[in-house]
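# Structural overview for review
The chain contents come next:
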Amino acid sequence: MSEITLEDIASLAKRRGFIYQGSEIYGGLAGTWDYGPLGVALKRNITNAWWKFFVESRDDMYGIDSAILMSPKVWEASGHVAGFTDPLIEDVKTKKRFRLDHLLEDAGVDIKGMNLEQMVASLKEKGIKSPDGNDLANPANFNLLFETAIGSVEGGGSKVYLRGETAQGMFVNFKNIVDSFYPDIPFGVAQIGKAFRNEISPRDFVFRVREFEIAEFEYFINPTHWEAEFEKWRVAMHDWCELLGLPADKIHELEVPAEDRAHYSKRTIDFEFDFPHGKKELYGLAYRTDFDLINHQTASGKSMEYRPKDGSTPFIPHVIEPTFGVDRTLLAVLAAAYTEDEVGGEKRTYLKLPKDLAPVKAAVSPLLKNKPELVSKAREVYDTLKKELGAVMWDDNGNIGKRYRRQDEIGTPACITIDFQTLEDNTVTVRNRDTAEQTRVAIDSLLHNL
RNA sequence: GCGGGUGUGGUAUAACGGUCAUUACUCCAGUUUUCCAAACUGGCUACGGGAGUUCGACUCUCCCCACCCGCACCA
């Protein structure tokens, strides 16, 4: 049994209708992927489980769905317009690009408030060369925010950005939530939605893409006990991983050192997962302090203070932010579920998905498709289950073994087969995906059994 | 963005400057089949896109696009 690769997963995902290359018939568009029928089902099951786990099952969490287009002032206040930009400069010989700001900082230059021109001037003044020892040229800013324009007149209109993260939608609605519900602190605001980043090089299937889905929440706290809140969510994130069926020994916490942290963060933990292409970031947990609320208070002129009901001193809440990349979650789930073993001496591939996540909950088949009495009985069972479970598939392709293998590959936990005994005593066989074992179950207790 | 590699049906592949582009699996229709990709018959589907060279290009050249590996980036 060889190591599984990203390509194994991408190939199965395409073949079975989970994930397709974006705009494929036109040669594709880099960094975009389309979810097919099974992919969207799997993704929904994941986001629904997330919503249930972090929002619905709690009484301190408020869900929202904010607009993708937001006032440009939001991104100026958040620091994304300035801070989401990387000034890069090119080695004239090797053509490698380096961070201009990093080169200056390494040379002891204080770059605060410098624009690109000033940085280049400072670089020349100091005679800084590239790490490879050559001259540097062609400085350029790379901003990760996608831009578009409001207004249908070409060239006219005003510039707006596609949101680079969903977090700001939560911060700008902080006041609204407080006004509508006046929750006790601590409380959280949660959202699942698309975000966009103009990545220089999208990579590794759906791992790094230009359009992606994020599930995250901002948990507003009193800063005096931020460590305890941070710890609470750290543990909850592991519980979530377990719920997804991700093996605990494939999850690694990385304490992000101060110099690598985002400017606003006092503490960050990356949750890394052993993906087929290596140990990579899956989730993040950050203590964002009061950075965002203060920025928005300053920029908007609206108070972001929270007045405790007990009359104690008002304060601007601090924020703990757990972030979950949905596409990365789906990739991790697929990678963890992808299993090869042998049944009856034949190799088989199957997705060992948790029942709740499986895109198809059960497949129904007549043992033989040329026996009308079996087919009509199977149809009956199918119709009943379909009504109750929804995600049930009818499968009468080829022979029974072939159907089992087919369902294995998409992770269907149970295959229900109607045979001649069914006609006599109203029982069916239920075949288990993981063990390939079959049990006889009365039709009446099928629902309960699944 | 830089460097290297790759691009042939849904998947995995073969060949060739010159008839209708090979094979397997999948898929579809049918025969058959009393539980793990059986067999038989038939069928759909491909040279990533665009220019150029040539009498003729999937094959050679250039440009573009996408994917993979390395670097860089990853608030």
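Below you will find a few notes about this structure. (Residues numbered from 1 in each chain as written. Chains lettered and ligands numbered in written order. Predicted model: local features only at pLDDT ≥ 70, side-chain atom pairs only at ≥ 80, totals over all residues. Heavy atoms only, no water.)

### Observations regarding the packing of aromatic side chains
Following the criterion strictly, the structure yields 28 aromatic pairs and no others. In this structure an aromatic cluster arises from ring pairing among Trp50, Trp51, Phe53, Phe54, Phe217, Tyr219, Trp233, Trp240, Tyr283 and Phe324. Across the ring face of Phe207, the terminal group of Arg328 is positioned such that the distance to the ring centre comes to 3.8 Å. When the ring centre of Trp394 is taken as origin, the NZ or CZ atom of Arg379, which lies over that ring, is 4.0 Å away. (Phe/Tyr/Trp six-rings, centres within 6.5 Å; stacked < 30°, edge-to-face > 60°. Lys NZ or Arg CZ within 6 Å of the ring centre and 35° of its normal.)

### Focus: the sheet that holds strand β8 (residues 147-150)
Taken in spatial order, the 3 strands make up an open sheet running β4-β9-β8, and their pairing is antiparallel. Edge positions in the open sheet fall to β4 (69-70) and β8, since each of these has one partner strand only. As paired strands, β8 and strand β9 (residues 158-162) are joined by 4 bridges and run antiparallel to one another. Paired with Thr148 across the two strands is Val160, which belongs to β9. (Pairing = 2+ DSSP bridges. Helix = DSSP H or I, 4+ residues; strand = E, 2+ residues; numbered from the N terminus.)

### Observations regarding a nonpolar patch on the surface
There is a patch of nonpolar side chains on the surface, built from Leu368, Phe420 and Leu423 and spanning about 240 Å² of accessible area. Leu423 gets classed as partly exposed once you look at its relative accessible area, which sits at 39%. (Patch = residues over 30% accessible without salt bridge, like charges linked within 9 Å, V, L, I, M, F, W, Y side chains within 5 Å. Areas by Shrake-Rupley, 256 points an atom, 1.4 Å probe, with all protein chains shown as cover. Salt bridge = Lys/Arg side-chain N within 4 Å of Asp/Glu carboxyl O. Buried < 20%, exposed > 50% of the residue type's maximum accessible area, 1.4 Å probe, protein only.)

### Some thoughts on the packing of helix α2 (residues 37-56) against helix α11 (residues 326-337)
Closest axis-to-axis distance for the α2/α11 pair is 10 Å, and the angle between their directions is 105°. Classified by the interaxial angle, the pair formed by α2 and α11 is roughly perpendicular. On the side of α2, the interface is formed by Gly39, Leu42, Lys43, Ile46 and Thr47, while α11 contributes Val326, Thr329, Leu330, Val333 and Leu334. Its residues placed into classes, the contact of α2 with α11 shows 6 nonpolar, 3 polar and 1 charged. (Axes fitted to C-alpha atoms, helices over the stretch in contact; angles between N-to-C directions. Parallel < 35°, antiparallel > 145°, perpendicular 65-115°, else oblique. Contact = heavy atoms within 4.5 Å. Nonpolar A, V, L, I, M, F, W, Y, C, P; charged D, E, K, R; others polar.)

### Comments concerning the sheet that holds strand β3 (residues 61-63)
Read from one edge of the open sheet, 7 strands run β3-β10-β11-β15-β14-β13-β12, paired in mixed fashion. Sheet topology places β3 and β12 (251-255) at the edges, where each strand pairs with a single neighbour. Each neighbouring strand pair of the sheet contributes to a mean axis angle of 25°, computed without reference to strand direction. When strand β13 (residues 267-275) meets strand β14 (residues 278-289), the two strands line up antiparallel, connected through 9 bridges. By the bridge assignment for β14, Phe273 is matched with Lys280. Against the sheet, helix α8 (residues 174-181) touches β3, β10 (187-196) and β11 (211-221), its axis set at about 140° to β10. In the packing of helix α9 (residues 226-243) onto the sheet, contacts are made with β3, β11, β12, β13, β14 and β15 (318-325), and the angle to β14 comes to roughly 150°.

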